[in-house]
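Each chain is listed here by its residues.
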Amino acid sequence: MTKIDSMTRESRVYPAPDAFSIRATVPSMDAYDTLCAEAEADYENFWARLARINLLWSRPFNEVLDESSAPFYRWFADGQLNASFNCVDRHLQNGNAEKLAIIFEADGGALTRLTYRELHGRVCWFANALKDLGVVNGDRVVIYLPMSVEGVVAMQACARIRAIHSVVFGGFTAKALQERIADLGAVALITADEQMRAGKILPLKSVADEALGSGDCVTVKSV
């Protein structure tokens, strides 16, 4: 058999400009190698240091790694944090409040830009709306939305109040949506009237109505 050389090998190197590299979290390969060496030498203290520096803890951890039930390891098991606070709130405290958190381009090309401060406002508003509907810690919420800023806000709002969200792709059928709602025992469904994809208007709310009307979605209290 004749050997066929792969044409996908790439040996060219394109170094980043110095002005860009100096602002990077890991500015060089030397810095990367130093991090790898630190992790290899003492991985518990390495991850503990990064966790304390980069995350907001509502209850700081004391134990870094619990290996008592190996191979089911538990990291930072006695600590507590909130994903939404770490995605949004910490940027209000570290000088990034007016920096862009999201640049979203809609199907028609329209751009939406949100700063961390603006995103924080939207997430808090929606989290309070969910609480007013009775959604509480541990409740399951299905998100059936188009790719949108609102989808990000909905996920962050659920995390903020410690509800469990499940994103269902907006192209799924009523049957697929119904099965996921039933399997989760979801108490709420977040959706929209419709979505735009490739220039076409596609329904969402009518599909959601069909899913809810087909049975097994008795746990849903709010849409």
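The model shown is predicted, which means the values in this text are computed figures rather than measured ones.

> I keep staring at the sheet that holds strand 5 (residues 140–144) and nothing clicks. Help me out?
Think of a sheet as strands paired side by side through backbone hydrogen bonds, with each pair either parallel or antiparallel. Strand order in the open sheet formed by 3 strands is 6-5-7, and the pairing between neighbours is parallel. Each end of this open sheet is capped by a strand with a single partner; those strands are strand 6 (164–167) and strand 7 (188–191). Here the average twist between neighbouring strands, direction ignored, is 25°. Strand direction decides the pairing type here: strand 5 and strand 6, joined by 4 bridges, are parallel. Paired with V141 across the strands is H165, a residue of strand 6. Contacts from helix 8 (residues 205–213) reach strand 5 and strand 7 within the one sheet, and its direction differs from that of strand 7 by about 160°.

> What is the right way to look at the UniProt feature "domain: Acetyl-coenzyme A synthetase N-terminal" (unreviewed entry) in the chain in this model?
Under the UniProt annotation, the feature "domain: Acetyl-coenzyme A synthetase N-terminal" (unreviewed entry) is placed at residues 32–87. Between the end C-alpha atoms of residues 32–87 the distance is 24 Å, and the span holds 48% helix and 7% strand.

> Whenever I open this one, the side chain of N82 confuses me. Can you help?
Of note, N82 is situated in the loop between strand 2 (74–75) and helix 4 (83–93). In terms of polar contacts, N82 uses its side chain to reach the backbone amide nitrogen of S84, at 2.8 Å. Looking at N82, its side chain comes within polar contact range of the main-chain nitrogen of F85, at 3.1 Å.

> Before we go on, may I ask you to explain the packing of helix 5 (residues 116–132) against helix 6 (residues 149–160) in this structure?
Helix-helix packing is characterised by the crossing angle of the two axes and by the distance between the axes. At a minimum axis separation of 8 Å, helix 5 and helix 6 run at an interaxial angle of 60°. Of the possible angle classes, the one that applies to helix 5 and helix 6 is oblique. As for the relative orientation of helix 5 and helix 6, their crossing is right-handed in sense. Each of L119, H120, R122, V123, C124, F126, A127 and L130 in helix 5 lies in contact with helix 6, whose residues at this interface are V149, E150, V153, A154, Q156, A157, C158 and R160.

> Quick question: what am I supposed to make of helix 6 here?
It helps to recall that an α-helix has 3.6 residues per turn; residues three or four apart then point in one direction. Here helix 6 is 12 residues long and its end C-alpha atoms lie 16 Å apart, about the 16 Å a rise of 1.5 Å per residue gives. When you tally the buried positions in helix 6, you get 9 out of 12 residues, the bulk of the element. What helix 6 keeps buried is the set V149, G151, V153, A154, Q156, A157, C158, A159 and R160. Just downstream of helix 6 lies R162, where phi reads positive at about 65°.

> Mind showing me how you'd approach the nonpolar core here?
Side chains of nonpolar character tend, in soluble globular proteins, to be buried together. Ranked by internal contacts, the top residues of the largest apolar core, which has 22 residues, are L119, F126, L130, V135, V141 and I190. For this core, the secondary structure elements donating two or more residues are helix 5, strand 5, helix 6 and strand 7. Ignoring sequence-local partners within four residues, the contact set of V135 consists of L130, V141, I161, A163, V187 and A188. Counting residues in hydrophobic clusters, the runner-up holds 14 residues, among them V168, A186, L189 and V220.

Procedures and definitions
Residues numbered from 1 in each chain as written. Predicted model: local features only at pLDDT ≥ 70, side-chain atom pairs only at ≥ 80, totals over all residues. Heavy atoms only, no water. Pairing = 2+ DSSP bridges. Helix = DSSP H or I, 4+ residues; strand = E, 2+ residues; numbered from the N terminus. Axes fitted to C-alpha atoms, helices over the stretch in contact; angles between N-to-C directions. Contact = heavy atoms within 4.5 Å. UniProt positions renumbered as here; feature names shortened; annotations may be inferred. Polar contact = N/O pair within 3.5 Å; in protein donor to acceptor, adjacent residues only side chain to side chain. Parallel < 35°, antiparallel > 145°, perpendicular 65-115°, else oblique. Left-handed = near helix turned anticlockwise from the far one by under 90°. Expected span 1.5 Å × (residues − 1). Buried < 20%, exposed > 50% of the residue type's maximum accessible area, 1.4 Å probe, protein only. Core = buried A, V, L, I, M, F, W, Y, C linked by side-chain atoms within 4.5 Å.

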